[in-house]
Amino acid sequence: MATLSEPETDFARLPDLPEDVFTAPLKKPDHLGEDWIEPVQAHYRSEDHAIWNDLFARQMKVLPGRAASAFMAGLEKLDLGRGGVPEFGKLSEELNALTGWTVVPVPMLIPDHVFFWHLANRRFPAGNFIRTRETFDYIQEPDVFHDVFGHVPMLTDPVFADYMQEYGRAGWKAMRYNRLKALGALYWYTVEFGLLEETDGIKAYGAGILSGPTEVVFATEAKSPNRIMLNVDRAMRTDYVISDLQPTYFVIESFEDLYRQTVERDFDRLYRSLAASFTYANSAVIDVDNVVNRGSQEYHLRGGRGSNAEPI
Ligand SMILES: [Fe+2]
């Protein structure tokens, strides 16, 4: 069966990249091996731990009632509020006992094929630095708070944990078709900015939403953004915004539904049919959409970030 990933690929060692695959030309720092894993986790000073604690406290004011229950349960299971930046060895031990995942420290940017390879082996690559007081409110690069607080709790959910592994395996297939951009959009609209329908309303499970204070409220409650039921073909053809709130969020019924939609389908045919660039604008609503809320787009029409527009 043609699927998202290629079951015959052996991910025990880093597979070779075929020559006709286009990836970002990143230069590996000399002290790292081919896995790009930092030999030791960064040493955090007491001020760094204080920044973690303050970020944690700020999120806990806005997350209850807005974050997916699986995320809140994950925070508890891993006791991420015990104080200070978590030590990856201990965190990995606890996470491994739950779902077989570990967390490894990496530099800010690693190549796509290495990232996918880690996910395929149930290793989550996490930033090896924390933001400063100056960049407390917004930082574009994923730091340890975004990566560990935002992503790791969801890895305690068994179905989501399997989805992440399959996503990593899928990366290798997408590369062969040079359609990483499309697979990147799927990651963006699920792992980073996904919403979930729960019995008492729409909740956030995406790390990009959950690791900052503004987007948690915007994504779940504001009138501006579109909220559309996830259709994988559609999301993979949709452009997205990197440094501002999203004009559109995609909603899933359950993690089982997300897993089924992505893992049990013919991705060879999809990749062959996808254009090299995106087909739909990030604010578009199209005929096939199952729309939960059609947004006013007021925030983005007023200029978005930088214009002081209210995130309403
Ligand atoms: Fe992220």
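Residues numbered from 1 in each chain as written. Predicted model: local features only at pLDDT ≥ 70, side-chain atom pairs only at ≥ 80, totals over all residues. Heavy atoms only, no water.

This part covers the overall build of the protein. Within the protein, the regular secondary structure consists of 13 helices and seven strands. Expressed along its principal axes, the backbone C-alpha trace of the protein runs to roughly 50 × 45 × 35 Å. Here the protein holds 312 residues, and the buried ones make up 55% of them. Within the protein, contacts between residues separated by at least 24 positions form 71% of all contacts whose residues are at least 6 apart in sequence. Carbon together with sulfur atoms contributes 50% to the accessible area of the protein, which is approximately 13,900 Å² in total. One finds the centroid of the 31 positive side-chain charges in the protein at a distance of 3 Å from the centroid of its 46 negative side-chain charges. (Helix = DSSP H or I, 4+ residues; strand = E, 2+ residues; numbered from the N terminus. Buried < 20%, exposed > 50% of the residue type's maximum accessible area, 1.4 Å probe, protein only. Contact = heavy atoms within 4.5 Å. Areas by Shrake-Rupley, 256 points an atom, 1.4 Å probe, with all protein chains shown as cover. Lys, Arg positive; Asp, Glu negative; His and termini not counted. Charge placed at Lys NZ, Arg CZ, Asp CG, Glu CD.)

Counted according to the given criterion, the structure contains 22 aromatic pairs. Measuring from centroid to centroid gives 6.0 Å for Phe116 and Tyr167, while their planes differ by 55 degrees, and the two rings are tilted. Pair noted here: Phe116 is in helix H4 (residues 112-120) and Tyr167 is in helix H6 (residues 158-176), with a separation of 51 residues, a long-range link. Across the pair, exposure class does not vary: Phe116 and Tyr167 are buried alike. (Phe/Tyr/Trp six-rings, centres within 6.5 Å; stacked < 30°, edge-to-face > 60°.)

Here the iron ion is held by the protein donor atoms His146 (NE2), His151 (NE2) and Glu192 (OE), which lie 2.0 to 2.1 Å from it. Going along the chain, you hit the donors of the iron ion in the pattern H-x4-H-x40-E. Taken together, the residues span a long stretch of sequence, with His146 in helix H5 (residues 144-151) and Glu192 in helix H7 (residues 180-192) at a distance of 46 residues. Across this residue pair, the class does not change: His146 and Glu192 are buried. (Donors = N, O, S within 2.8 Å, 3.2 Å for Na, K, Ca; no water.)

Time to look at the sheet that holds strand S3 (residues 195-198). Sheets are built from strands paired through backbone hydrogen bonds, the pairs being either parallel or antiparallel. In space, the five strands of this open sheet follow the order S4-S3-S6-S5-S7, with mixed pairing throughout. The two strands at the open ends of the sheet, each matched to only one other strand, are strand S4 (201-204) and strand S7 (291-293). Sheet twist, expressed as the mean angle between neighbouring strand axes with direction ignored, is 35 degrees. For strand S5 (residues 226-229) and strand S6 (residues 248-252), the ladder comprises four bridges, and the chain directions are parallel. Bridge pairing in S6 places Met229 opposite Val251. (Pairing = 2+ DSSP bridges. Axes fitted to C-alpha atoms, helices over the stretch in contact; angles between N-to-C directions.)

Glancing now at the nonpolar core. Note that soluble globular proteins tend to have their nonpolar side chains buried in a common cluster. In this structure, Phe124, Val148, Phe160, Met164, Leu183, Tyr205 and Met236 are the most contacted members of the largest nonpolar core, which totals 92 residues. Looking at this core, the element that brings in the most residues is H6, giving nine residues. (Core = buried A, V, L, I, M, F, W, Y, C linked by side-chain atoms within 4.5 Å.)

In this fold, Arg179 is placed in the loop between H6 and H7. It turns out Arg179 is buried and unbridged, and the closest side chain with the opposite charge, Asp20, is 11 Å from it. Every residue in contact with Arg179, bar those within four places of it in the chain, is listed here: Ala174, Tyr271, Leu274, Ala275 and Ala276. (Salt bridge = Lys/Arg side-chain N within 4 Å of Asp/Glu carboxyl O.)

Attention now moves to the side chain of Asn226. Examined against the element boundaries, Asn226 turns out to sit in strand S5. For Asn226, a relative accessible area of 1% puts it in the buried group. At 3.0 Å, the side chain of Asn226 and the backbone oxygen of Ser283 are in polar contact. A polar atom in the side chain of Asn226 sits 2.8 Å from the backbone nitrogen of Gly295. When sequence neighbours within four positions are dropped, the list of residues in contact with Asn226 reads Pro247, Thr248, Tyr249, Ser283, Ala284, Val285, Asn293, Arg294, Gly295 and Gln297. (Polar contact = N/O pair within 3.5 Å; in protein donor to acceptor, adjacent residues only side chain to side chain.)

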